[in-house]
Structures are given as C-alpha cells and as structure tokens.
Amino acid sequence: MGVLNDTMMMGASAAGGYEIEQSLRFNDDDTAYLSRTPSVAGNRKTWTWSGWVKRGNLGTYQRLLTVFNSSTSQFTIGYTSADKLELFQYTGSYQINLTSTSLYRDASAWYHLTLEIDTTLAASADRVKIYINSEQVTAFDTAVYPTQNTDLLVNDATPLYIGKKDAGDYLDGYLAEVNFIDGLALTPDSFGETGDYGEWKPLKYTGAYGTNGFYLDFKSSGSLGNDAAGSNNWTPTNLAATDQMLDSPTNNFATLNPLSVTDATSPVFSEGNLKTVVSIDGSKWGGSSTFGRSSGKSYFEVICTEVSNVYIGILDETAAMESARIDDHSVTVGNAIYYRSTDGGKRVITNGTTVTSAYASTYTTTDIIGVAFDADNSQITFYKNNTSLGALTIPTTSEDLFIGVSGGTGNAQNTFYLNTGQDSSFAGNKTAQGNSDSNGIGDFYYAPP
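1. Some words on the overall build of the chain
Along the backbone of the chain there are one helix and 33 strands. A compact globule built from 449 residues should have a C-alpha radius of gyration of about 22 Å, and the chain, at 23 Å, falls within 12% of that. With the C-alpha coordinates of the chain rotated into their principal frame, the extents come out at 75 × 40 × 35 Å. Sorting the 449 residues of the chain into buried and exposed places 58% on the buried side. Of all intrachain contacts in the chain linking residues separated by at least 6 positions in sequence, the fraction that spans at least 24 positions is 67%. Each charge class in the chain was averaged separately, 26 positive and 48 negative side chains, and the resulting centres sit 3 Å apart.

2. Points about the pairing of strand β33 (residues 415-419)
Most of β33 sits out of view: five of its five residues are buried. Residues of β33 alternate between two faces, with T415, Y417 and N419 on one and F416 and L418 on the opposite face, all of them buried. In the sheet, strand β22 (residues 275-277) pairs with β33 via three bridges, with the strands oriented antiparallel. Within the sheet, the bridge partner assigned to V277 lies in β33 and is T415. With four bridges connecting them, strand β24 (residues 297-304) and β33 associate as antiparallel partners. Along β33, the bridge assignment pairs I303 with Y417.

3. Quick look at the sheet that holds strand β21 (residues 268-270)
Taken together, the seven strands give an open sheet; going across it, the order is β21-β22-β33-β24-β29-β30-β31, and neighbouring strands pair in antiparallel fashion. This sheet does not close on itself; its edge strands, each paired only once, are β21 and β31 (387-393). The average angle at which neighbouring strand axes cross in this sheet is 20°, direction not considered. Here strand β30 (residues 379-384) runs beside β31; their pairing, made up of five bridges, is antiparallel. Within β31, the position partnered with Y383 by the bridge is S388.

4. Examining the nonpolar core
Side chains that are nonpolar tend, in soluble globular proteins, to be buried together. Within the largest apolar cluster, 42 residues are counted, with the highest numbers of intra-cluster contacts made by F75 and L115. If you tally residues by element for this core, the top one is strand β9 (residues 110-118), at four residues. What L115 contacts, discounting residues up to four positions off in sequence, is W47, T48, W49, F75, I77, L87, V128, K129 and I130. Counting 29 residues, the second largest nonpolar core, distinct from the first, contains Y339, V371, A375 and I394.

5. Details of the pairing of strand β6 (residues 73-79)
If a strand is regular, its side chains alternate between the two faces of the sheet. With respect to burial, β6 is a largely interior element, seven of its seven residues being buried. Bridge analysis of strand β5 (residues 62-70) against β6 gives seven bridges, and the strand direction is antiparallel. Following the sheet pairing, F68 is matched in β6 by Q74. Taken together, β5 and the strand that follows it, β6, pair antiparallel across an intervening segment of two residues. Hairpin connection of β6 to strand β7 (residues 84-90): four residues between the antiparallel strands, including D83 at a positive phi of 65°.

What counts, and at which threshold
- Residues numbered from 1 in each chain as written.
- Predicted model: local features only at pLDDT ≥ 70, side-chain atom pairs only at ≥ 80, totals over all residues.
- Heavy atoms only, no water.
- Helix = DSSP H or I, 4+ residues; strand = E, 2+ residues; numbered from the N terminus.
- Rg over C-alpha atoms; globule rule 2.2 N^0.38 Å.
- Buried < 20%, exposed > 50% of the residue type's maximum accessible area, 1.4 Å probe, protein only.
- Contact = heavy atoms within 4.5 Å.
- Lys, Arg positive; Asp, Glu negative; His and termini not counted.
- Charge placed at Lys NZ, Arg CZ, Asp CG, Glu CD.
- Pairing = 2+ DSSP bridges.
- Axes fitted to C-alpha atoms, helices over the stretch in contact; angles between N-to-C directions.
- Core = buried A, V, L, I, M, F, W, Y, C linked by side-chain atoms within 4.5 Å.

Function-wise, these values are silent; they only describe arrangement.
Following this line, the structure appears as structure tokens:
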C-alpha cells in the first residue's frame, strides 16, 4: 500500500529531485491512441524506447508501441491477456518473439519500461533487452531473438502507433515521460536512478535524440502529441484535454483497484480505473481504492449516475478484501462507514456488525460527494456539494483505510466516477475546477477542507 500525502488519496510523491508533472490517460473504450509516420527512415538496427506505464484494465491484449503494415509485417510491444509483457516482430515468421514469465498487473504502480535495441551485436540475447524498473527481464516463456544486423520495422518511414495495434488491442492506463532515441542503445540509467530507499525513480534524459527521436511529456493539454525535444510530433485520436492527468511516477494517485473483485458479477473499470460500472443485479460492489491510509488526512470526491441504495465511504482492508463479499455495504467482517443515498443515513460496520442510523439529507446524480477523513483522530466528514454534513467517528481498526463505493437497484446499472485529486472533470462529466490542496497539489472540483 502506498504512503499518502496530507489531503489526497495518493501513492508516492518524490522528495526533491526530478518531477514528472503530467501523464496521458488512455481509455480502451474510447479507442484512443497516438500515431506518427516518419518522413524518412532512421536507424532500424539501433534505438531505445523508454516510458513509464500505469496499468488500467487488466486481462486484455494492450499495445504500447506498434508498427502494423499488415498481418505479416508487424512489430509490437505490450501486454498479453495473461498480463505478461510481449515483444515480437513478425514478417511471415517471428524474427523476435519474447513473452515474459512474470506478470505485470499491479494497477497501483508506475512501471518504468526500457527497450534497448542493437541488432549489430554478436550475442543474440544482447540484441534486444527489456528492463522493468532498471531490472533486466531475463525469464521468458518464449524467447526468439533477431539475427545479427536485422532491420526492424520500427524507425522506417511507415506509421507508428502508441496505444493500439491496427484496429484493436487498445491501451488502457497511463503513459508518462516517453522517450525514443534514434541511433543509440541505452540502459535504464539514462532515464532513471535509484533513490534513497532503493526505489527506482525518474531522471531527466539529457542526451541526443537522433533523426526520428522524440520526447512526449504530455504537458500541453491542447497538443497531447507534442514532441518536447524537437518537431517529431504525434497525432492524438480520441484523446481529450481531460485525458491529461496529474497522476505521474513522482505523484502517484490512488485509483480503484481492478483486483478488488470477488465474483462473476464484478464491476467493470475504465477511465484509468476512475470509473466503475456495477453489475445489473443484486451484487453491487463498485470497488475499493488501490491505496489505503493508516495516518494523516485525505480527501476524495465521487459522483454517480444512479442513486437508489448507494453507499460512499471508507473501509478497512479486511472489509475491502472479504472473499465472500456479495455486497460491500453488508460485509460480515471488518470495519467500514458509509453515507447512504436513499435516506441520507449512515451505515457503520464494526467488526462485521452493522448499525444504520440517521445522518443527513439524501443525494442525487447531480451531487458531488466529498469525503474528508483523519486517520489519526478517527474522524470522517461527508460533504454534499461542498457543504459539510458533520463529523462522524470511524470504527476503530488497526488496518489501513480504503475508499469504498457500491450500490444501486437491481434494475439498473450504476456508474461511479472517482476523483482522488487527478481529474476534477470526472472523465469529462463535469467542468474541471482545478482546486489544489494547501501544498498546491491536485485537481479537485472543490477546495479540500
């Protein structure tokens, strides 16, 4: 679980050093991607790709970088439906075919991926190297390396894609600090360094980019494909200004956790795991957050599209991960506290025992529910459209506290949109307000209390 800052449900913020300010959110339901066709070929034998990736949806084929000329002329690196890394070049037969043994399915983490290419080298395994957080990936289920001096499809004067393969396998998640170096095979040390606690953290790349090299920092919401290192710009498709996010490797925000599901009627997550659609039956679990908090203060905001029997609040890890959960506001273990939509009441669960009582007014689909909680003093306050509804006591627990949302009737789907400080537009459903916390961090609809 991450360490959170003073007012936001966040993960980890760099203490000094190089800061990455933005990322770009890709939502596979939107068929979002970036594209570029180089005007001339670069070095097709030697190049480097580096980028930071935070995963959204899991269990589907997703592509990071692709050349797709035809079914018999393609290069791609991305994830398999088993959440393994996959890299291949296929031109009638596999010239490269690498599938990792390891799984990459932590939706709370920013992974740094470096792809080091130099097909001129004598040793076959040295010609293609994949690194995750500076560690070389060496265990593969499948391992086919290119012959010496192979020309790869990447860096030719043909279309390149970030976030898709042909008309499918769309990326779902976040990308940040994407560098492509034409003509140099570089290790992760050119893009990151080891921190004081042994963590891998970003480092600003300061070298040359070559003919077709580019640097995507996603700082311009009006030009999301802008090359910050030159003029090799990319064209965004189905990406909006609201997809520019504050969530980054140096400012990692909590989202909903796609692994916190329990049955066949699990919710469906999208929009970088900030949107969850609950099932259309009696099982109405919406999800819990990727990060919990054991101390300090946090604030988050929620909107929903259907408010019959909706619950918004916090719960401890035991309640969040109850394996037998059918409906999270009726958990039989753990501790939780919720604000109910239908009657405006509060539901308090203490060691699995539920007590429901009066609290405040009801809420509807037009309302923004803010939640501020103080883990040190076991207090939580709910807000409706920025108006405090009064402080409540959080049930005593020794565990971290997580965001929890659930509810809705058995006759209609309900959709929740969560903002932990990275998107006050709620995936474009509201007009972003841009309120930050007292440290000047975050994008909230209302100023955190």
